[in-house]
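What follows is the residue order along each chain.
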Amino acid sequence: MKMVFRWYGKGNDTVTLEQIKQIPGVSGIVWALHDIPAGDEWPMERILEVKKTADSYGFNIDVVESVNVHEDIKLGLSTRDVYIESYKKTIAKLAKVGVKVICYNFMPVFDWMRTDLAKRLEDGSTALFYEKAKINDMDPTELVKKIASNPDLTMPGWEPERLKDLTKLFQAYKNVTEEDLWSNLKYFLEQIIPVAELNDIKMAIHPDDPPWSVFGLPRIMTHKENLRRFLKLVDNPYNDLTLCSGALGADPNNDIPAMVREFVDRIAFAHIRNVGISENGDFVETSHRTCDGSLDIVDIVKAYHEGGFTGYVRPDHGRHIWNEKCRPGYGLYDRALGITYLWGIWDTLEKNRRNPYSA
Ligand code: DNO
Ligand code: MN
């Protein structure tokens, strides 16, 4: 596996490249031009700037997360073709600097969703938390008002410039069913995947987080059967998955090691993190260690190892520890600890593979 680390860019991240450089075994940064609105073509000079910065630290920029999909594409509006064209142009530009994987998602309106960005855990650290009842009880119009009146509430997809569109967006999705979303995704893939193949870039969809409908919006990248259906929409090795253990793992019915075993040849990018799930459907992000959460991280890594996985891995989110002030879920310390845990498992498996009779 190739270990990579998400970095939001100079001035946009509390973590520095100097720091990332000192985490064992990190070969590249996972990046994006976060200020470019979904649907706009990425400017070449900005891409080259990132390449130059990463080069000076010896990091690859093989993985982009994310090139966001414009809402009109997910909605299947006639305007979508314009945005699909600029998506294709961005793919071609990214190929010029050697990008190998593009992560994206197909979640309507919101990206990942939590109700608390700093839930205090028993050890004094804080972490991202999802309270199911809170989301279930909240009606979207109330939500729009709540976000507008609370500038501290920042969630992906809740950026101020998008806020004004929220009411309109909910309206637009009112009659969009899961089947509509499937066919809009298929339309997008049929156009994009041939271009990705031509440019030798794997498109890797991120599953829905959490893997169920929120606020009545359709969500389809949620469980094994749907991932199977996704891979068949356009059955091409460039149409791949970002398998996020924490996103899918929030649903206890999802057996993550089994999914890795089934899909390993079509996983271009692995997000590995643990979550602690409660019986009432709430979940909290925990340390990576298997015994700290509900997911068997050891078995997940074992499944990748057995599958001969050579793709990219990142530790995904971490807790906020040692008083670190950082982007929610994206501090230095806990993600670095997560990496050393993942390497510990991987190196042990490697050693035993070479010498199966050793203790
Ligand atoms: C959650 C994170 C997400 C992810 C985007 C990909 O598990 O990995 O924020 O970055 O959904 O588009
Ligand atoms: Mn993820």
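Reading guide: rules and limits
Residues numbered from 1 in each chain as written. Chains lettered and ligands numbered in written order. Predicted model: local features only at pLDDT ≥ 70, side-chain atom pairs only at ≥ 80, totals over all residues. Pairing = 2+ DSSP bridges. Helix = DSSP H or I, 4+ residues; strand = E, 2+ residues; numbered from the N terminus. Axes fitted to C-alpha atoms, helices over the stretch in contact; angles between N-to-C directions. Contact = placed C-beta atoms within 7 Å. Buried ≥ 20, exposed ≤ 12 C-beta atoms within 10 Å, placed from the backbone. Domains from an automatic or database assignment. Near = placed C-beta within 6 Å. Nonpolar A, V, L, I, M, F, W, Y, C, P; charged D, E, K, R; others polar. Expected span 1.5 Å × (residues − 1). Parallel < 35°, antiparallel > 145°, perpendicular 65-115°, else oblique. Left-handed = near helix turned anticlockwise from the far one by under 90°.

### Structural notes on the sheet that holds strand E7 (residues 202-206)
Point 1. One closed barrel holds the eight strands; their spatial order is E1-E2-E3-E4-E7-E8-E9-E12, and the pairing between them is parallel. Taken over all neighbouring pairs, the strand axes of this sheet differ in orientation by 30° on average, direction set aside.
Point 2. As judged from the four bridges shared by strand E1 (residues 2-6) and strand E2 (residues 26-31), these two strands associate in the parallel manner. Bridging from a neighbouring strand, Phe5 pairs with Ile29 of E2.
Point 3. Sheet contacts for helix H2 (residues 44-56): E2 and strand E3 (60-65); angle to E3, the most-contacted strand, approximately 130°.
Point 4. Against the sheet, helix H8 (residues 178-198) contacts E7 and strand E8 (239-244), and its axis sits at roughly 135° relative to E7.

### Considering the pairing of strand E9 (residues 267-271)
Point 1. Within E9, five of the five residues are buried, which leaves it mostly tucked inside the rest of the structure.
Point 2. Summarising the sheet, E8 and E9 pair through four bridges and their orientation is parallel. Looking across to E9, one finds that Leu243 is bridged to Ala270.
Point 3. Across three bridges, the pairing between E9 and strand E12 (residues 312-314) is parallel. Bridging across to E12, His271 finds its partner in Arg314.

### Section: the domain arrangement of the chain
Point 1. For the chain, the domain assignment lists domain 1 (2-110 + 176-274 + 299-354) and domain 2 (139-172).
Point 2. One C-alpha centre belongs to domain 1, the other to domain 2; they are set 25 Å apart.

### Concerning the site of ligand 1
Point 1. Near ligand 1 you find 15 residues, and of these Ser66, Asn105, Trp112, His206 and Ala247 are the closest.
Point 2. Going through the elements one at a time, strand E4 (101-105) and helix H10 (245-249) are the ones with two or more residues in the shell around ligand 1.
Point 3. Per element, the largest residue contribution to the shell around ligand 1 is three residues, and it comes from E4.
Point 4. Residues of the shell around ligand 1, tallied by class, amount to six nonpolar, five polar and four charged.

### A closer look at H2
Point 1. Helix length check: H2, at 13 residues, gives a terminal C-alpha distance of 19 Å against a target of 18 Å (1.5 Å per residue), a fit within 8%.
Point 2. Two residues or fewer past H2, Gly58 is found with a positive phi of approximately 75°.

### Side note on the packing of helix H12 (residues 297-306) against helix H13 (residues 333-354)
Point 1. In contact at an axis separation of 10 Å, H12 and H13 are set at 50° when each is read in the N-to-C sense. As the angle between them shows, H12 and H13 are arranged oblique. Every pair of crossing elements has a handedness; the one defined by H12 and H13 is right-handed. Of H13, the residues touching H12 (which contributes Val298, Val301, Lys302 and His305) are Leu342, Ile345, Trp346 and Leu349.
Point 2. Of the residues in the contact of H12 with H13, the class split is six nonpolar, one polar and one charged.

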